[in-house]
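This is what each chain is made of:
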Amino acid sequence: MNTKTVRSLAAATALLGFSAVSAWAQDVPAGYPADYAAIIEAAKKEGTVSIYTSTDAAQSQKLQDAFTAKYGIKIAYNDLGTNGAYNQVISEAAASQVTADVVWSSAMDLQMTLVQDGYAEEYASPEAANLPAWATYKNILYGTTVEPIGMIYNTKALTEDKLPKTYADLITFLKDNKGELQGKVATFDPEKSGSGFLNHSNDAKNRPDFWDLAKAMGDDGVKIYSSSGGMKETVVSGENVIAINIIGSYALDWIKESPNLGVHFATDYTPAFSRLALVTKGAPHPNAAKVFVDFMLSKEGQSLLAEGGLPSVREDVSAGLNIKTLNERVGGGLKPIAVDEGVLEYMDQMKRVQFLNDWKAALGR
Amino acid sequence: MSTHAQAPAALPMTKAAAEKKYPAKMPRHGNASVYRTVVIGLLAIAVLAPVGLIIYQSFLSAAFFSPRAKFGLDAYRYVFTDRNFYKALGTTAVFSFGMVAIAVPLGGLLAFLITRTDIKGKRLLEILVLVPMFISSIVLAFGYTVSVGPTGFVSLFIRGLIGFVPWNIYSLPGMILIAGLSHVPHVYLYVSSSMRNLPSDLEEAARTTGASIWQVSRDVTLPMVLPSLIFAASLNILLGFETFGIPLVLGDPNGIMVLTTYIYKLTTLFGTPTYQLMAVVAVVLILITLPLVWAQRKLLKNARKYVAMGGKGARVATLKLGRGGQVIALSIIGFWLFVSVVLPIGGITVRAFVDAWGEGVNLFAQLTFANFDHLLEVPSLVRGIINTVILSVVGGAVAVGIYLMVGLAGHRNWGASNTLLDYIVLLPRALPGLVIGLAFFWVFLFVPLLTPLRPTLISIFVAYVVVGLSYGLRLLQGTLLQVAPELEESARTTGATIGRTWKDVVIPIVRPGLAGAWALIMIIFLREYATGVYLMGAGTEVIGSLMVSLLQTGAMNTIAALSLISVVLTGAGLALALRLGAKIHD
């Protein structure tokens, strides 16, 4: 494929103005540069895009279907988990067998590590301007969702009015109800879950009283789990009464179907992480990768993700929750984790080990 | 026999002339060393490539492909000074031996009752006792939490009756009991396949001289099936070391850690996966395996002692249990089945059709098909089901062929290559599926000629064949060992080549065992979960590994629906296999 020819062709088409409607120029979304048609054309030639992700296929199925319907590009969707995606990307690069085009993962720290270690390709998405500043990093890493961290509780055991309003209240709540809550509090295990580590360590960074919370949980005989879904199961069944620091966007979906499950957020402090997308260096389908990332960030793509339960980073999305309506839903304390080098703080092994030791000490294990 | 007629060797000939006159057809040298070397050599490569990679990785300071990787003992230093490692090692040992202490006697007893006695409902029982094997331990453990967990429906019922729940499955004894009961079928399969082939004249003789049925089983049957019991026990110790699902689901929340969950933790503990530390733990597991294999070999040195299937009269007649015996035997089996099949499967089934359960939830008000509807909407999940069926049914059959070839290569082979075979067979089983799968992923990624196979089901199949090696091969070997050497010797003395002896004597005798082996391998492939995690990709999803990746987000609705589908699939496959098997028996 001669890119130059395509480029000049595209430029020529653009010059012809509105009257000259070529078959492929139709696809260029409003506000995109004119030469984008060439990228779409090349992407269609590539015919397929390979996504390495930690997002369950069910949550992104609408997005996938719409993308394939729109561009006729097939999606090879690899749900590998955060570690699996990271591992495959670095292994394939080392073997010169890159097959991933887009890496889309909730492990913000691992995604940033991929960027820092040179596994990502720079790409200035035309959609970047529509995202909040905190959600993009150097034209290379893009936040696609905003997912709050919150609590779930068993509505048969606890009622909304008894729940703590603020972060500080939560600590008092755990201390005051030690007897009732003994062995019935759940939280993420930061040693086994990357998400759990991110949630806890981000709190430790932003909340001086995080260690008081950890100690209060330890005193309540907290049980630790490696997934939000695992915790949900125990809270629904009444085995645990409350689960702290779980992925709230999942919980907002769960409560629609589970009659005895409630979701709750502290009004003064609700951190939120974002699923980050990048285009890999040496991607076998670089154009399809770009078109997919742009589609994911577009209003259409964001709406489809929000419908699947992953709140949008864009304020102009009306389906499901967007960053603005989500902030209202959680009581106004939404604090998204910025997509920057800050997420790498605990990739330093000494710091990480120190954090985990402090964690275990606070829990009394 | 025709070769025999042609070879009167009337004229004295030089060796060279003889070789010229009677080329390949004549059994001149009387061994199959070329075949043996080639087959065992290929197998050694398939097993030792990933294992070697793991050992190599353990001596590096970073991933083996990283430019930062340096040679050294740092990884060993970390693991061997980590308090948690020793704690996990100790817990694992207690767990494994506890599990064997429960599984082996129960499995042996079950095999005896079902194959040697006239117990009622044999056909049905044969299928039912295998059910715990159908489910990956991760889902099995999960099924128990729904039924007998702190708020399980059985627990709540008992609490309603007596005011408290008298058990706690989130404890080491709870885990051992569950693991022990769920591994009974593994023992049963080994022991029953050798018991099935025992001639019954010895038992009948004992019965007619007045021995009770228990005396018969202890003094006559037991010694004859000792090799399979030893196989089963040592295998189960290894399985105990390798068990992942039960400790993950039941041990984890309270901080009970075993070696596999320790390895699992190493993938996230330092942010990025620390392959070198995982490799060190894997090497420790290998080092534990070696003395086990050595002990097993020593115990079984005199294989002739156990030969039971002679040239004739191998028909099995059953022992009469009598009315009282029937009641006792059926009650024992019934209770075990209730605990190890009804409770977990009941839990999974309930979970697959509801969204909420537990304290204060009316299960009937929750009934829904939504979990299955959602599943069918996602193409990768549907594909996973199809791929799993292909891998287990077709792949399982091919695997049995491969195991038979390897089994024959090791049959009546006492050379150094057989020693090698004994050791390499158990190596992969000692390694956690996650680690061996990762090693295979690297092999298929970095070995040039293999790279085109990586995105296909073949890469997963190869890994499955290696992981299932110990089961499949031991099963076939156990049957092969019971073919009396006289039969083969007589074929050989009449002039048959080794190849012909195998084809016309050995294989026809062991054929009934092959269908059973196929069923077994099919089950193993169906329930396998950790091995495929790193190998599967878009288009090559398999149910078990899908469940592991779904577990990370915790989509329990889908997991429950998938596991019920896999249970149903296996049940259907096994029923079919047993039908086929039954025909071959008659």
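Residues numbered from 1 in each chain as written. Chains lettered and ligands numbered in written order. Predicted model: local features only at pLDDT ≥ 70, side-chain atom pairs only at ≥ 80, totals over all residues.

**Regarding the pairing of strand 10 (residues 242-247) of chain A**
Residues and elements named next belong to chain A.
Then, in step 1: Counting buried positions along strand 10 yields six of six residues, so the element is predominantly enclosed.
Then, in step 2: Sheet analysis places strand 7 (residues 147-154) next to strand 10, joined by five bridges and oriented antiparallel. In the sheet register, Tyr153 faces strand 10, and the bridge partner there is Ile242.
Then, in step 3: Relative to strand 10, strand 8 (residues 185-188) runs parallel, the two being bridged by three bridges. Considered in strand 10, the bridge of Thr187 is made with Ile244. (Buried ≥ 20, exposed ≤ 12 C-beta atoms within 10 Å, placed from the backbone. Helix = DSSP H or I, 4+ residues; strand = E, 2+ residues; numbered from the N terminus. Pairing = 2+ DSSP bridges.)

**Details of the domain arrangement of chain A**
Where interface size is given, it is often the accessible area lost as the parts come together that is meant.
Residue and element names in this part refer to chain A.
Then, in step 1: Assigned domains within chain A: domain 1 (47-146 + 274-332) and domain 2 (147-272 + 341-363).
Then, in step 2: On a C-alpha basis, the centroid separation for the pair domain 1 and domain 2 is 26 Å.
Then, in step 3: Counting residues at the interface gives 20 residues for domain 1 and 17 residues for domain 2.
Then, in step 4: Elements with a contribution of two residues or more to the side of domain 1 that touches domain 2: helix 4 (81-94) and helix 5 (108-116).
Then, in step 5: Examining the composition of the side of domain 1 that touches domain 2, we find that six residues originate from one element, helix 5, more than from any other.
Then, in step 6: The residue makeup of the side of domain 1 that touches domain 2, split by class, is nine nonpolar, ten polar and one charged. (Domains from an automatic or database assignment. Contact = placed C-beta atoms within 7 Å. Nonpolar A, V, L, I, M, F, W, Y, C, P; charged D, E, K, R; others polar.)

**A closer look at the pairing of strand 2 (residues 74-79) of chain A**
Residues and elements named next belong to chain A.
Then, in step 1: By the bridge criterion, six bridges tie strand 1 (residues 48-53) to strand 2 in an arrangement that is parallel. Paired with Thr53 across the bridge in strand 2 is Asp79.
Then, in step 2: Handedness of the crossover joining strand 1 and strand 2 through helix 3 (residues 57-71) is recorded here as right-handed. (Right-handed = clockwise from strand over helix to strand, strands pointing away.)

**What about unusual backbone geometry?**
All names here are of chain A.
Then, in step 1: Residue Asn139 is not a glycine yet carries a positive backbone phi of 55°.
Then, in step 2: As for its position among the elements, Asn139 is in the loop between strand 5 (136-137) and strand 6 (141-143).
Then, in step 3: Residue class for Asn139 comes out exposed when judged on the 11 C-beta atoms lying within 10 Å of it.
Then, in step 4: If you check the backbone angles, Asn245 has positive phi at about 65° while not being a glycine.
Then, in step 5: Residue placement: Asn245 occurs in strand 10.

**Quick notes on the interface of chain B and chain A**
Then, in step 1: Facing 47 residues of chain B, the contacting portion of chain A comprises 53 residues.
Then, in step 2: Where the side of chain B that touches chain A is concerned, the elements lending two or more residues are helix 16 (259-266), helix 20 (370-377), helix 21 (379-410), helix 23 (433-446), helix 28 (543-553) and helix 29 (556-585) of chain B.
Then, in step 3: Counting residues per element, the side of chain B that touches chain A draws most heavily on helix 28 of chain B, at five residues.

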